[in-house]
Amino acid sequence: MTTAKLEDLTQTQRDRLAFIEMMVRFLGEIRRQDLVSRFGIQSAAATRDLALYKELAPGNIDYDTKAKRYVPSTELSPLFEFAPERIISWLTQGFGDGEPAQLQAWITSEIPSRLALPDLRILSCVTQAIHQKSPISIEYHSLSSGPTEREIVPFALIDNGLRWHVRAFDRKTQEFRDFVITRIRRPSLLDSGVQPHEQNDQDIQWTRIVEVELVPHPARPSPEVTEMDYGMREGALKMKLRAATAGYILRRWSVDCSPDHRLDGPEYRLWLKDHLAIYGVKSAILAPGYESGNQQLTSEWD
């Protein structure tokens, strides 16, 4: 019956209803003003949309009279099916608001598939915690420690090119760390609040910006082609990276970070001109060829 009702609605109505569900499910709240701002409709129309969503999906959302917002109920059952890629795109880039649909591509293209995509039930709890600045309890599985109970304070999603992480303060180790979202089980929002030392502005690796200069690898032929491929100016590509994510990016781009550009192989098209630029960067342990006093891979990335 619900599906039949959805089919009777216009595409713009379905888009607004899907937006309501995405906001509530992944950010944990929606207000009438969110609909007004997103779709340029009147407040009365937004009220009707919220009432219609409650009619089509009874029990999915509750009204918080104190905060004057709608929040997800404990028994939310999604009305729409969203692909994880689309939700992540919407969350991180603001694209794709609206009902999921099979759209006809304008040109033929092929995009590599990801091997690991987060479970939307897990992701929704994580993104709600980020949006609401709330800690969560999780069961986390690592290669070295197995399953452990944690309380974390997440504040950002990170795409390392292969899988999605969440950057968070870990109350168990009292450190800021990256957690692989596919390794999280049984997440639950907590009401304990966030302490000043747990906030993202206290994450030195997150707030630190490092400047790196990438040049064509001296051992590879035709450096001018590499300059063209990477849009270099005057033979170099200068970038500013967060220390927390620099190692992921350098590894994803196969940048030779050894001081003497000794890594051999056609995948190493780029060389980090000054390896000291990432000195003190914890994630540098992931960068190809990088040398430091401690080569042991910590449990943060195991």
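Structure: above.
Keep in mind that what you see is a predicted model, and the values were worked out from it rather than measured. (Residues numbered from 1 in each chain as written. Predicted model: local features only at pLDDT ≥ 70, side-chain atom pairs only at ≥ 80, totals over all residues. Heavy atoms only, no water.)

(A) How the structure looks around the nonpolar core. With 47 residues, the main nonpolar core has Leu 17, Ile 20, Ile 30 and Leu 35 as its most contacted residues. Those elements that provide at least two residues to this core are helix 2 (11-27), helix 3 (32-39), helix 4 (43-56), helix 5 (84-93), helix 6 (120-132), strand 3 (136-142), strand 5 (164-170) and strand 6 (175-180). For this core, the element with the most residues is helix 2, which contributes nine residues. Apart from the residues lying within four places of it in its own chain, the contact partners of Ile 30 are Phe 19, Ile 20, Met 23, Val 24, Leu 35, Leu 50, Arg 69 and Tyr 70. In terms of nonpolar packing, the next biggest core, distinct from the first, is built from 20 residues, Leu 237, Leu 241, Ala 284 and Tyr 290 among them. (Core = buried A, V, L, I, M, F, W, Y, C linked by side-chain atoms within 4.5 Å. Buried < 20%, exposed > 50% of the residue type's maximum accessible area, 1.4 Å probe, protein only. Helix = DSSP H or I, 4+ residues; strand = E, 2+ residues; numbered from the N terminus. Contact = heavy atoms within 4.5 Å.)

(B) Up close: the packing of helix 2 against helix 5. Taken N-terminus to C-terminus, the directions of helix 2 and helix 5 make an angle of 80 degrees; their axes are 12 Å apart at the nearest point. In terms of their interaxial angle, helix 2 and helix 5 are classed as roughly perpendicular. Taking contact as the criterion, the partners of Phe 19, Met 22, Met 23, Phe 26 and Leu 27 in helix 2 are, on helix 5, Ile 87, Trp 90 and Leu 91. Of the residues in the contact of helix 2 with helix 5, the class split is eight nonpolar, no polar and no charged. (Axes fitted to C-alpha atoms, helices over the stretch in contact; angles between N-to-C directions. Parallel < 35°, antiparallel > 145°, perpendicular 65-115°, else oblique. Nonpolar A, V, L, I, M, F, W, Y, C, P; charged D, E, K, R; others polar.)

(C) Quick look at the pattern of salt bridges. What the rule picks out here adds up to 19 salt bridges. Here Lys 5 makes a salt bridge to Glu 55, at a shortest N to O gap of 3.5 Å. Placement of Lys 5 in helix 1 (residues 2-8) and of Glu 55 in helix 4 is noted, with a sequence separation of 50 residues between them. A salt bridge links Arg 269 to Asp 229, with the nearest nitrogen and oxygen atoms 2.7 Å apart. Linking Arg 269 in the loop between strand 10 (255-256) and strand 11 (270-272) with Asp 229 in helix 8 (residues 223-229), this pair joins segments that are 40 residues apart in sequence. Judged by relative accessible area, which is 23%, Arg 269 ranks as partly exposed. (Salt bridge = Lys/Arg side-chain N within 4 Å of Asp/Glu carboxyl O.)

(D) Representation of the packing of helix 2 against helix 3. Put simply, helix 2 and helix 3 touch, their axes get as near as 11 Å, and they point 130 degrees apart. The orientation of helix 2 relative to helix 3 falls into the category oblique. In this structure, helix 2 meets helix 3 at a crossing whose hand is right-handed. For the pair helix 2 and helix 3, contact is made by Asp 15, Arg 16, Phe 19, Ile 20 and Met 23 and by Asp 34, Leu 35, Arg 38 and Phe 39, respectively. A class-by-class count of the residues in the contact of helix 2 with helix 3 yields five nonpolar, no polar and four charged. (Left-handed = near helix turned anticlockwise from the far one by under 90°.)

(E) Examining the sheet that holds strand 5 more closely. Spatial strand order, 6-5-4-3-7: five strands in an open sheet with antiparallel pairing. Two strands in the sheet have a free side with no partner beyond their single neighbour: strand 6 and strand 7 (184-189). On average, each strand axis in the sheet is tilted by 45 degrees relative to the strand beside it, whichever way the strands run. Bridge count between strand 5 and strand 6: six bridges; the pairing is antiparallel. Directly across from Phe 169, in strand 6, lies its bridge partner Phe 176. (Pairing = 2+ DSSP bridges.)

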